[in-house]
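Structure assessment
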Amino acid sequence: MNATPAPADDLIVVGKIYSVHGVRGEVKVFSFTDPIKNLLQYKAWTLKREGSVKQVELVSGRGNDKFLVAKLKGLDDREEARLLAGYEICVPRNQFPELTDGEYYWYQLQGLKVIDTLGQLLGQIDHLLETGSNDVMVVKPCAGSLDDRERLLPYTEQCVLAVDLVAGEMKVDWDADF
């Protein structure tokens, strides 16, 4: 394992190691990619936890619809693998595939100010949730927002009218019938 990570502001969390698997030093991983096996496309991982940063190389991986099992280079001991539990798996954003116009990664939406059709600031996107039918934006109040309410807004064409990454804003119709 190497200790020279990519610049911290360039890293995006794409998964988390949560346990060991078997006796050969494999680890169980929650993947935040969609589909979850896409995480296995990234061979160089930066692991981060509470100020600790490690560089590791993915040798192989397999999984199902719930979690992945990963084999990391040089990690052959169950007890050593157990020490990696809790580490976030990060990759540089420049390794992400290019998206077409109108498509966004979640990390691009987080932090955007949300403005309704009347020009009122509803808050700022804190994070997104996957619900099965559609993604949901968790909009938390911020300085200058309409009120102190947290809102859950669907990330759908009916609700999201426009996204302006340069301005840091998203225009929504939150009164639409969802």
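Worth saying up front: this structure is predicted, and the values here are computed from it rather than measured.

Overview of the nonpolar core
With 24 residues, the main nonpolar core has Val 27, Val 29, Trp 45, Leu 47, Leu 72 and Ile 89 as its most contacted residues. If you list the elements that add at least two residues to this core, you get strand 1 (11-21), strand 2 (26-31), strand 3 (44-49), strand 4 (52-63), strand 5 (68-72) and strand 6 (88-92). For Trp 45, the contacting residues outside a window of four places in its chain are Val 29, Leu 39, Lys 54, Gln 55, Val 56, Leu 58, Ala 70, Leu 72, Ile 89, Cys 90 and Val 91. The next biggest cluster of nonpolar side chains, apart from the first, holds 13 residues, and it includes Leu 109, Leu 112, Val 139 and Val 172.

Topic: the pattern of salt bridges
Proximity of charged atoms lets side chains of opposite charge pair with each other. Taken as a whole, this structure holds nine salt bridges when the rule is applied. Across the pair Arg 24 and Glu 26 runs a salt bridge, and its minimum N-O distance is 3.6 Å. When its relative accessible area of 56% is taken as the criterion, Arg 24 is described as exposed. Using a relative accessible area of 6% as the deciding quantity, one classes Glu 26 as buried. With its nearest N and O atoms 2.9 Å apart, the salt bridge here joins Arg 151 to Asp 147. Each of Arg 24, Glu 26 and Arg 62 takes part in a single network of salt bridges with overlapping partners.

Focus: the UniProt feature "domain: Ribosome maturation factor RimM PRC barrel" (unreviewed entry) in the protein chain
Summarizing the sequence annotation, UniProt attributes the feature "domain: Ribosome maturation factor RimM PRC barrel" (unreviewed entry) to residues 106-175 in the numbering used throughout. Helix makes up 6% of residues 106-175 and strand 47%, and the two end C-alpha atoms of the span are 23 Å apart.

Here we look at a nonpolar patch on the surface
A contiguous nonpolar patch, built from Val 13, Phe 30 and Phe 32 and spanning about 270 Å² of accessible area, is present on the exposed surface. Here Val 13 is to be found in strand 1.

Notes on the layout of surface pockets
Quantified by volume, the largest pocket comes out at close to 810 Å³. Around the largest pocket sit 24 residues that line it, and Phe 32, Thr 33, Asp 34, Tyr 105 and Trp 106 are the ones nearest its centre. Residues that form the lining of the largest pocket fall into these classes: 15 nonpolar, five polar and four charged. Of the volumes computed, that of the second largest pocket is approximately 160 Å³. Lining the second largest pocket are Arg 93, Asn 94, Phe 96, Pro 97, Glu 98, Leu 99, Thr 100, Glu 103, Tyr 105, Tyr 107 and Gln 108.

Cut-offs applied
Residues numbered from 1 in each chain as written. Predicted model: local features only at pLDDT ≥ 70, side-chain atom pairs only at ≥ 80, totals over all residues. Heavy atoms only, no water. Core = buried A, V, L, I, M, F, W, Y, C linked by side-chain atoms within 4.5 Å. Buried < 20%, exposed > 50% of the residue type's maximum accessible area, 1.4 Å probe, protein only. Helix = DSSP H or I, 4+ residues; strand = E, 2+ residues; numbered from the N terminus. Contact = heavy atoms within 4.5 Å. Salt bridge = Lys/Arg side-chain N within 4 Å of Asp/Glu carboxyl O. UniProt positions renumbered as here; feature names shortened; annotations may be inferred. Patch = residues over 30% accessible without salt bridge, like charges linked within 9 Å, V, L, I, M, F, W, Y side chains within 5 Å. Areas by Shrake-Rupley, 256 points an atom, 1.4 Å probe, with all protein chains shown as cover. 1 Å grid on protein atoms, 1.4 Å probe; cavity = no way out; pocket = protein on both sides within 12 Å on 5 of 7 lines; lining within 4 Å. Points joined across faces, edges and corners; volume = space filled by probe spheres on them. Nonpolar A, V, L, I, M, F, W, Y, C, P; charged D, E, K, R; others polar.

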